[in-house]
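Fold and geometry: a report
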Amino acid sequence: MNVILIAVISLGAIGLIAAIVLYLASKKFAVYEDPRINQVAAVLPQANCGGCGYPGCNGFAGACVKAADAGSLEGKLCPVGGAAVMEKVAGILGMQAAETEPRIAVVRCNGSCENRPRIAEYDGVRSCAIANATSGGETGCTYGCLGCGDCVAACKFGAIHMNPETGLPEVDEEKCTACGACAKACPRMIIEIRLKGKKGRRMIVKCVNKDKGAVVNKACAVGCIACGKCEKVCAFGAITIANNVSYIDAEKCKLCRKCEEACPKHTIHAINFPPRKPKPEVAPEAAPATAKPVEAPATPKVETPAKEEVKVNESK
Amino acid sequence: MKTFKIGGVHPAANKLSADKAIEVLALPKQAIIPLSQHIGAPAKAIVDKGAVVKVGTKIAEAGGFVSADIFSSVSGKVMKIDTIPDASGYRKPAIFINVEGDEWEETIDRSDALVKECDLTPEEIVAKIKAAGIVGMGGATFPTHVKLMPPPGAKADCVIINGVECEPYLTADHRLMLEKPEEILVGTTILMKAAKVDKAYIAIENNKPDAIKLLSEKAKDFKGIEIVPLKVKYPQGGEKQLIDAVVNRQVPAPPAIPINVGAIVQNVGTAFAVYEAVQKNKPLFERVVTVTGKSVAKPSNFLTRIGTPMSQLIEAAGGQPEDTGKIISGGPMMGKAVGSVEVPITKGSSGILIMNDKESKRAEEQPCIRCAKCVSACPMGLEPYLLATLSAHKDWESVEKECVMSCIECGSCQFTCPSHRYLLDYIRMGKTTVGGIIRARNAKK
């Protein structure tokens with residue numbers, strides 16, 4: 001009996017002393033954390049995707065508080081939560097949320113199995129990074145999508161998947177948060193984080209091939225040959241051609257769709273536009289949604305030679 | 001008998017073309033001469049479209065310290081300077097020359113007579129080697145004149161001539177040793193003089209007894225050259241493995257280079273090219289290429305002009321077999337499968353191997369069973385299973401710490417793996433990425 005009593009008392013005493021020491025230590029060495037950090041973190045999505053450029057949501061919350069103390073939330077954006085979450089954050093910190101436009105990941109390659117014939121077979125590890133480091137890929141295009149799905153593996157939101165028919169990744173607009181993980185995972189830098197555009201409408205050059213036109217033509221049916229027609233037709237100076245490939249600046253683009261018409265290779269895609277009216281001269285602004293879903297007849301366009309004329313692409 | 005101490009494997013030799021004498025291949029219709037045929041900066045073209053060139057005309061100039069001049073291998077007219085996919089699969093700039101006749105530069109001595117005497121000073125020899133655009137012809141294509149100019153503080157005491165040819169299938173060096181033994185020995189003497197040493201070893205694996213016998217006999221007339229037969233083991237032709245095997249010295253981890261332990265290693269093909277450059281004024285524009293494979297009708301060794309498309313060599317060896325699975329530039333262990341037979345022969349192309357359907361199929365990857373066979377096989381003493389796993393997880397810091405940069409990409413780990421893991425694929429990616437990180441870090445400093 002006595003033994004048990006001694007054990008209980010001595011253990012109890014040790015416990016008590018330890019508790020006191022721990023209590024004092026926690027007071028003495030307490031680290032002050034701004035309570036706002038926790039409040040901000042509470043409204044963040046807690047996906048810890050790193051899309052904001054900080055290590056996880058708590059890191060971002062800390063950065064926001066620091067930025068608010070410095071006077072502005074400029075440049076701080078949670079791509080997952082978007083403007084709504086940033087407004088809440090701004091509310092907590094008593095600031096004005098910096099204006100941001102939603103962005104989205106776009107795949108700048110249209111080299112599907114049909115458009116870009118396979119000339120070799122890659123039988124290494126199914127990883128784009130390895131395929132890129134050890135070979136030129138399965139097609140004649142050494143800039144295009146390798147199709148092993150590193151971007152799919154990198155996405156934490158299930159917003160990107162491989163289309164088995166085309167062999168290319170497709171972005172789910174609803175789910176994509178523009179965190180940029182896929183863009184970083186792509187060894188060929190095909191995926192770009194771009195402005196989503198008004199009503200989700202945007203113009204994209206679906207090619208990043210820097211080879212000369214003749215080489216591109218051989219490798220892919222829909223590759224950019226840097227002919228310069230889009231650059232000429234653009235009234236807003238949004239299109240530039242560098243390194244044998246065209247690029248549309250989303251900030252300057254007014255969505256007139258002239259470049260899409262001018263592109264002889266159908267490399268430029270108009271996304272989320274209603275189908276065109278079957279009229280040769282379409283108004284520069286988006287046509288009303290009542291247009292019939294039929295293909296426009298082949299009609300000569302302003303600056304393109306007649307022999308190059310092909311049907312205008314219907315885009316979804 | 002000597003060999004290197006750590007690791008190594010024994011792939012089947014398959015030297016199908018060992019008894020086939022070197023044949024001179026017909027000129028191509030168009031020679032496509034890449035500007036990047038060596039390690040280091042690509043050369044800069046010094047001819048324009050329409051220029052008329054002769055065999056041996058300099059058409060591109062070294063683009064940096066570690067770089068080499070490039071010479072026309074044919075006579076004719078420059079058609080264009082454009083890009084062409086090389087063995088890596090990526091497009092690189094090249095000079096396209098349409099062949100007209102076969103007119104050589106007058107300075108080149110085309111006679112077969114052996115010229116033994118060489119009165120040039122070491123500096124003059126190095127300058128001549130540089131002016132002939134010679135690079136390591138074993139496959140690594142490191143500019144030879146750079147190897148002969150040791151960095152301050154380092155001094156060589158021996159030259160090792162690499163006649164090992166440990167890659168299965170390839171016989172280009174073997175045939176060269178049998179057909180041009182004296183030229184190789186004179187080339188070795190010249191290299192000894194250039195490196196200011198009085199000892200040279202010619203290392204040959206003992207699966208080439210005819211070459212060992214022939215060179216041993218001929219070497220009696222040459223001072224300071226010793227023929228060293230080696231036990232067969234892959235990758236004995238690796239520079240560091242060869243130094244270990246021949247003179248029992250170990251090259252420390254990068255950035256140390258062989259010269260730090262006093263050895264300069266050159267391939268027999270390079271020794272022959274040095275002989276031709278110094279004694280015959282002939283720049284490097286042709287080389288011996290083995291075309292081989294189990295389904296190939298006539299496995300052969302061809303003396304080929306640089307810039308000849310692979311398709312022409314395959315045609316000359318009896319055409320592409322019907323059951324072709326893979327066409328490899330180089331040997332089966334270190335070579336690269338090419339995506340197109342229009343890839344031109346370069347200074348570093350030692351062979352073309354055509355694998356049939358069955359051989360070329362890679363077995364399905366199975367989980368690692370921790371048997372550590374790859375660790376025992378690695379000639380650099382690395383842990384391939386670990387490097388592969390770390391690379392797959394993109395843990396670049398750890399990959400660097402595990403000495404990925406020491407990997408010579410010999411493929412012994414993958415060859416020996418009972419689970420058929422694609423170890424080298426992962427390690428290559430790790431090496432490429434870590435190499436980039438190191439370069440970026442050095443650039444910042």
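Sequence positions are assigned chain by chain, starting from 1 and proceeding in written order. All chains are assigned letters beginning at A, and all ligands numbers beginning at 1, according to the order in which they are written. Per-residue local features are limited, in this predicted model, to residues with pLDDT of at least 70; the limit for side-chain atom pairs, both in listing and counting, is 80 or more; totals at the level of whole chains, interfaces and linings are taken over all residues. As a rule here, side-chain values cover all heavy atoms of the structure and leave hydrogens and water aside.

Turning our attention to the overall build of chain A. In this text, helices come from DSSP runs of H or I with a minimum length of four residues, and strands from runs of E with a minimum of two, each type numbered from the N-terminal end. When helices and strands are counted, chain A shows ten helices and eight strands. Note on definitions: a residue-residue contact is assigned when non-hydrogen atoms from the two residues lie within 4.5 Å. Long-range contacts, defined here as pairs at least 24 residues apart, represent 58% of the contacts in chain A between residues at least 6 apart. Only the protein chains shown count as cover for residues, and all accessible areas are computed by the Shrake-Rupley method using a 1.4 Å probe. Per element, the accessible surface of chain A, about 17,400 Å² overall, is 58% carbon and sulfur.

Once that is clear, we can look at the domain arrangement of chain B. Residue and element names in this part refer to chain B. Those domain boundaries reflect an automatic or database domain assignment. By the assigned domains, chain B splits into domain 1 (1-25 + 111-361) and domain 2 (373-444). Between the C-alpha centres of domain 1 and domain 2 there is a distance of 26 Å. In this assembly, 15 residues from domain 1 lie in contact with 16 residues from domain 2. Two parts lose some accessible area (1.4 Å probe) when they are put together, and adding that loss for both gives the buried area. Of the roughly 1,100 Å² buried at the junction of domain 1 and domain 2 (both faces included), carbon and sulfur atoms supply 64%. Salt bridge, as used here: a side-chain nitrogen of Lys or Arg that lies within 4 Å of a carboxyl oxygen of Asp or Glu. Summed over the shared surface of domain 1 and domain 2, the result is zero salt bridges. Split into classes, the residues belonging to the side of domain 1 that touches domain 2 amount to ten nonpolar, four polar and one charged. The residue classification treats Ala, Val, Leu, Ile, Met, Phe, Trp, Tyr, Cys and Pro as nonpolar and Asp, Glu, Lys and Arg as charged. All others, Gly included, are polar.

Moving on to the domain arrangement of chain A. Residue and element names in this part refer to chain A. Assigned domains within chain A: domain 1 (36-93), domain 2 (102-196) and domain 3 (197-316). Interface area, domain 2 with domain 3, both sides summed: about 1,900 Å², of which 53% is carbon and sulfur. The largest contributions to the domain 2 side of the interface with domain 3 come from Arg108, Tyr143 and Arg194, which together make up 33% of the buried area. If you look at where domain 2 meets domain 3, you find two salt bridges.

Turning next to the sheet that holds strand β14 (residues 300-305) of chain B. Either a parallel or an antiparallel arrangement is found when strands of a sheet pair, and the pairing is made through backbone hydrogen bonds. All names here are of chain B. With mixed pairing, the six strands of this open sheet are ordered in space as β1-β14-β13-β17-β15-β16. A single partner strand is all that each edge strand has here, and the edge strands are β1 (22-24) and β16 (336-337). Following DSSP output, two strands are said to pair if at least two bridges run between them. Where strand β13 (residues 286-292) lies against β14, six bridges are found, and the strand directions are antiparallel. Looking at the pairing, Val291 lines up with Ser300 of β14.

This paragraph deals with the pattern of salt bridges. Residues and elements named next belong to chain B. The tally for this structure, following the rule as stated, stands at 36 salt bridges over all chains. Notably, a salt bridge pairs Arg428 with Glu409, separated by 2.7 Å at the nearest N-O pair. On the criterion of sequence distance, the pair formed by Arg428 in helix α14 (residues 423-444) and Glu409 in the loop between α12 (396-401) and α13 (412-416) is long-range, its members being 19 residues apart. Between buried and exposed lies partly exposed: a residue is buried under 20% and exposed over 50% of the maximum accessible area for its type, with that area taken using a 1.4 Å probe on protein chains only. Look at Arg428 and you get buried, because its relative accessible area is 18%. Through salt bridges that share partners, Asp102, Glu276, Lys282, Glu286 and Arg305 make up one connected network.

All names here are of chain B. Only Phe, Tyr and Trp rings are paired, with Trp represented by its six-membered ring, and only when their centres lie within 6.5 Å; those with planes under 30 degrees apart are stacked, over 60 edge-to-face, the remainder tilted. Summed over all chains, the structure comprises two aromatic pairs over all chains. With a centroid separation of 5.3 Å and an interplanar angle of 80°, the aromatic rings of Trp104 and Phe285 are classed as edge-to-face. Of this pair, Trp104 sits in the loop between β8 (91-99) and α1 (122-131) while Phe285 sits in the loop between α7 (268-280) and β13, and the two are 181 residues apart along the sequence. By relative accessible area, Trp104 is classed as buried at 12%. Relative accessible area serves as the criterion here: at 1%, Phe285 is assigned to the buried category. By definition, being over a ring means that NZ of Lys or CZ of Arg is both within 6 Å of the ring centre and within 35 degrees of the ring normal. It is Lys116 that lies over the ring of Phe222; its NZ or CZ is 5.0 Å from the centre. Sitting above the plane of the Phe4 ring, Lys233 keeps its charged end 4.5 Å from the centroid.

Between chain B and chain A, the contact holds 17 residues from the first and 18 residues from the second. Summed over both partners, the interface of chain B with chain A comes to about 1,400 Å²; 56% of that surface belongs to carbon and sulfur atoms. When the buried area of chain B at its contact with chain A is split by residue, Tyr90(B), Arg91(B) and Met429(B) rank highest and sum to 37% of it. For the interface between chain B and chain A, the tally reads three salt bridges. Residue Arg362(B) is joined to Asp123(A) by a salt bridge in which the shortest nitrogen-to-oxygen separation is 3.8 Å. We call two N or O atoms a polar contact when they sit within 3.5 Å, provided that within protein one can donate a hydrogen and the other can accept it, with sequence-adjacent residues counted only if both atoms are side-chain atoms. Counting across the chain B and chain A interface gives seven residue pairs in polar contact (both at pLDDT 80 or more). Counting residues per element, the ones that place at least two in the side of chain B that touches chain A are β7 (76-85) and α14 of chain B. Residue contributions to the side of chain B that touches chain A peak at five residues, all from α14(B). Of the residues contributing to the side of chain B that touches chain A, the split by class is five nonpolar, five polar and seven charged.

Once that is clear, we can look at unusual backbone geometry. It is generally the case that most residues other than glycine have a negative phi and that most peptide bonds are trans. Residue Pro235(B) is reached from Tyr234(B) by a cis peptide bond, and omega for that bond is -5°. Among the secondary structure elements, Pro235(B) is positioned in the loop between β11 (225-230) and α6 (239-247). With phi around 50°, Asn48(A) is a residue other than glycine that occupies positive phi space. Relative to the helices and strands, Asn48(A) is located in the loop between α2 (35-43) and α3 (56-70). Positive phi values are uncommon outside glycine, yet His420(B) reaches one of about 50°. Mapped onto the elements of the fold, His420(B) is located in the loop between α13 and α14. A relative accessible area of 37% places His420(B) in the partly exposed class.

Take Glu276(B): it is sitting in helix α7. The residues touching Glu276(B), leaving out its near neighbours within four places in the chain, are Asn281(B) and Lys282(B).

Taken in spatial order, the four strands of this open sheet run β2-β8-β7-β4 (chain B), and their pairing is antiparallel. Only two strands of the sheet have a single partner each, and these edge strands are β2 (30-34) and β4 (52-53) of chain B.

Our focus in this paragraph is the packing of α1(B) against α7(B). Residue and element names in this part refer to chain B. The axes are straight lines fitted to the C-alpha atoms, using for helices just the contacting stretch, and the angles between their N-to-C directions are given from 0 to 180°. Interaxial distance between α1 and α7 falls to 9 Å at its minimum, and their mutual angle equals 105°. Accordingly, the angle class assigned to the pair α1 and α7 is roughly perpendicular. Residues Ile125, Lys128 and Ile129 of α1 form the contact with α7, whose participating residues are Val274, Ala277 and Val278. Every angle not falling under 35 degrees, over 145, or within 65 to 115 is termed oblique; those three ranges are roughly parallel, roughly antiparallel and roughly perpendicular.

Residue and element names in this part refer to chain B. Taken across its five residues, β2 has four buried, putting it largely inside the fold. For β2 and β8, the ladder comprises five bridges, and the chain directions are antiparallel. Bridging from a neighbouring strand, Ile32 pairs with Phe96 of β8.

For the rest of this paragraph, the subject is the environment of Val274(B). Residue and element names in this part refer to chain B. Counting through the fold element by element, Val274 comes out in helix α7. Along the primary structure Val274 and Leu178 are separated by 96 residues, whereas in three dimensions their C-alpha atoms are 17 Å apart. Setting aside residues up to four positions removed in sequence, Val274 forms contacts with Ile129, Ile134, Gly187, Ile190 and Leu191.

What follows deals with the pairing of strand β5 (residues 58-61) of chain B. Residue and element names in this part refer to chain B. Here two bridges tie strand β3 (residues 44-45) to β5, and the two strands are oriented antiparallel to one another. Along β5, the bridge assignment pairs Ala45 with Ala60. Alignment of β5 against strand β6 (residues 70-71), held across two bridges, turns out to be antiparallel. Bridge pairing links Ala60 to Ile70 in β6.

What follows is about the environment of Tyr122(A). With respect to the secondary-structure elements, Tyr122(A) resides in the loop between β1 (103-107) and α5 (128-134). The buried category is assigned to Tyr122(A), whose relative accessible area is 13%. Distance in space between the C-alpha atoms of Tyr122(A) and Lys252(A) is 40 Å, their sequence separation being 130 residues. Setting aside its immediate chain neighbours within four residues, Tyr122(A) contacts Ser127(A), Ile130(A), Ala131(A), Thr134(A), Ser135(A), Glu138(A) and Asp425(B).

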